Amino acid sequence: MLEKALVGSKRYYTLLAILAAIFGVGFLFYLRQLTFGLGITGLGRDVSWGFYIAQFTYLVGVAASAVMVVLPYYLHNYKAFGRVTILGEFLAVAAVSMCMLFIVIDLGRPDRLLNVLLYPTPNSVLFWDMVVLNGYLLLNIFIGWNVLEAERNEVAPPGWIKPLIYISIPWAVSIHTVTAFLYAGLPGRGFWLTAVMAPRFLSSAFAAGPALLILLCLIVRKYTKFDPGKEQIQTLAKIVTYATIINIFLFFCEVFTVFYSQIPEHMQHFTYLFFGLHGHGKLVPFMWFSLLGMIFAALMLVNPNNRRDEKKLAVLCGLVIITTWIDKGLGLITGGFVPNPLDKITEYWPTVPETFITLGVWAAGFLILTILYKVAVSIKEEIGA
Amino acid sequence: MSINRREFIRIAGLSTLVGLGGKTAWELLLPGQVEAQLLPKANALAAKRWAMVVDMKKLDEATAKKCIDICHKVHNVPNLAVPNDPKVKMDPADVNRWQIKWIWSDHYHNAFPGQEHEYVQDRVQAMPFLLLCNQCNNPPCVRVCPTQATFRREDGIVMMDMHRCIGCRYCMAGCPYGSRSFNWRDPRPFIKQENPTYPTREKGVVEKCDFCAERLAKGQMPACVEVAGGALVFGDLGDAKSKVRETLKANFTIRRKPELGSNPQVYYIV
């Protein structure tokens, strides 16, 4: 099937070339990071995780959201999603690949990465995150590839794939839960010390992931002969709508507990993010844009007329993607580190090399996505789906 | 069997090639040496549970500085503000961000956030609280480390294996005291005078205070304790007659963020 990725239109090759070029630039900056050290980023002793780990967290959500097409199709026999499960699974593969790259580029000693396997440490959540992410990657590659191949040959998928599919459903939930547990169990970080973190991660993931999938479906329909389908997009839109609403609801649950209790260690991070603290407030406009944008998108999406208009839907999905990205990609990690455990404020902002390295990883992920989607779509075209 | 260094290396190298390297080579050429090196020295200081009391009544600014300076000197901790090559210009913001500190002094409200109030004595406000790794009994950093590069010894010291650390900085997120430092760049050009008896670090690993485990092993007290003129009391909590136990019995002491359950083992007399 991979041969489908080797032949394509000029537009396909141009896209690959652009993504490869961005990846190349990012890689050059990464070589610089390898020689100089992580000091080329905006990180420091107070904000010791930043952009890389935030992208990782966001993308774990995108990966997990594949379950939103897999579950209705396989557990509820919702036939319509049969056309898009492969797109969801391959999106998960690309997203998990990016997650792993983001973890590797964040390490001070990537050459010692295998120490995680050589000295397995079950009390570390990071160890479990490695287990579930690798497992999820393999599951999606195996399932996606075999189901697609069976579809091409017009036979039923092999029997052994069914249990893997059923396993992949709770597994998807596990990857984002474990990722939330990375943060939610740290005693000294009031911003993260909340049981609502894993549910909130899942709700924002099930908003952002399917929103991205809708945009991808629209792109696939526009540029190929394969139409993922109107009904499919409408059902995904409903998922985006209610996941966004639940995400906002959980955010206000958190806000209530934090501000009604008035416990400073929990309040000050929210205060920093939304109002600024002692004159420091780099993220304030972003956080308000994220919150208000998310509420606006949710209100618009509830109205079925807005969802049915695919142009409006695309814009709203874009808004959901951006606002959830700001929430997790900028606010979540930095907010947890500011102020630091000694009640001091060091602000963080990614540097130019850090941004290019990040873009490089995104380009690598979209390169994988483009190739996988090319294979999937070519086969769908071939069998006249 | 007598053997010179050159021959030893040659034979060890050859035997490595045929799979007899590592411990096997040592055992063949210098029997018993490996085990001998793992046994503690006769004069090593040992304890059931090491702990420290910082007596802020005795600790003045000058003594605090002495403690910090000696610690950073013996452990090859770089001073990023003073590069060895004067041509290297360091931005003060970078110096602050990349700073490595094993022990440092800070204000009351930074050392004990949440404890401060408007009417705290001037005396306390002015105190240079010496802060260092708390060598917690229930250390969050050890709990989160994915490679056991940081681990807790039987005697309570929380150690770092800087050769195993992958630099994920999970321990820095886990530590509620800000006691851990990461090498954001190569520290060596910022070490004024290298102490050859203690390793320097590479970029990309985390480090912190370990109650001078290397000095205890040689029968010496921690470097800061030696120069503190009695302001730092160090000893064994397992020994009821130890100075540290007596000090804790005779004085009211506080600890940093005890409510987090990490059970810190550095106590403060205010």
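Caption draft 1: Local environment of the pairing of strand 1 (residues 50-55) of chain B. All names here are of chain B. Of all six residues that make up strand 1, six are buried, and the element is covered over most of its length. In terms of strand pairing, strand 1 meets strand 10 (residues 266-269) through four bridges, oriented parallel. Residue pairing across strands places D55 opposite I269, the latter belonging to strand 10.

Caption draft 2: Representation of the packing of aromatic side chains in the model. Here the structure, examined in full by the defined rule, presents 34 aromatic pairs over all chains. Taken together, the aromatic side chains of F191(A), F251(A), F252(A), F259(A), F270(A), F274(A), F275(A) and W288(A) make up a single cluster linked through ring pairs. A cation over an aromatic ring shows up here: K328(A) above the ring of F201(A), its NZ or CZ 4.9 Å from the ring centre. The ring of F182(B) has R169(B) lying over it, and the distance from NZ or CZ to the ring centre is 5.1 Å.

Caption draft 3: Expanded view of the environment of A217(B). Examined against the element boundaries, A217(B) turns out to sit in the loop between helix 10 (213-216) and helix 11 (223-227). Separated by 171 residues in sequence, A217(B) and A46(B) place their C-alpha atoms 8.0 Å apart.

Caption draft 4: Summary view of the domain arrangement of chain A. All names here are of chain A. By the assigned domains, chain A splits into domain 1 (1-188 + 352-385) and domain 2 (237-340). One C-alpha centre belongs to domain 1, the other to domain 2, and the line joining them spans 24 Å. With 17 residues of domain 1 in contact, the opposing surface of domain 2 contributes twelve residues. Interface area, domain 1 with domain 2, both sides summed: about 1,200 Å², of which 71% is carbon and sulfur.

Caption draft 5: Layout of the state of the cysteines. Residue and element names in this part refer to chain B. Counting across every chain of the model gives zero disulfides over all chains. Not part of a disulfide, C133 finds its nearest cysteine sulfur in C209, a span of 5.6 Å. Between C171, a free cysteine, and C165, which holds the nearest cysteine sulfur, the sulfur-to-sulfur gap is 6.3 Å.

Parameters at a glance
Residues numbered from 1 in each chain as written. Chains lettered and ligands numbered in written order. Predicted model: local features only at pLDDT ≥ 70, side-chain atom pairs only at ≥ 80, totals over all residues. Heavy atoms only, no water. Buried < 20%, exposed > 50% of the residue type's maximum accessible area, 1.4 Å probe, protein only. Helix = DSSP H or I, 4+ residues; strand = E, 2+ residues; numbered from the N terminus. Pairing = 2+ DSSP bridges. Phe/Tyr/Trp six-rings, centres within 6.5 Å; stacked < 30°, edge-to-face > 60°. Lys NZ or Arg CZ within 6 Å of the ring centre and 35° of its normal. Domains from an automatic or database assignment. Contact = heavy atoms within 4.5 Å. Buried area = accessible area lost by both parts, 1.4 Å probe. Disulfide = S-S within 2.5 Å.

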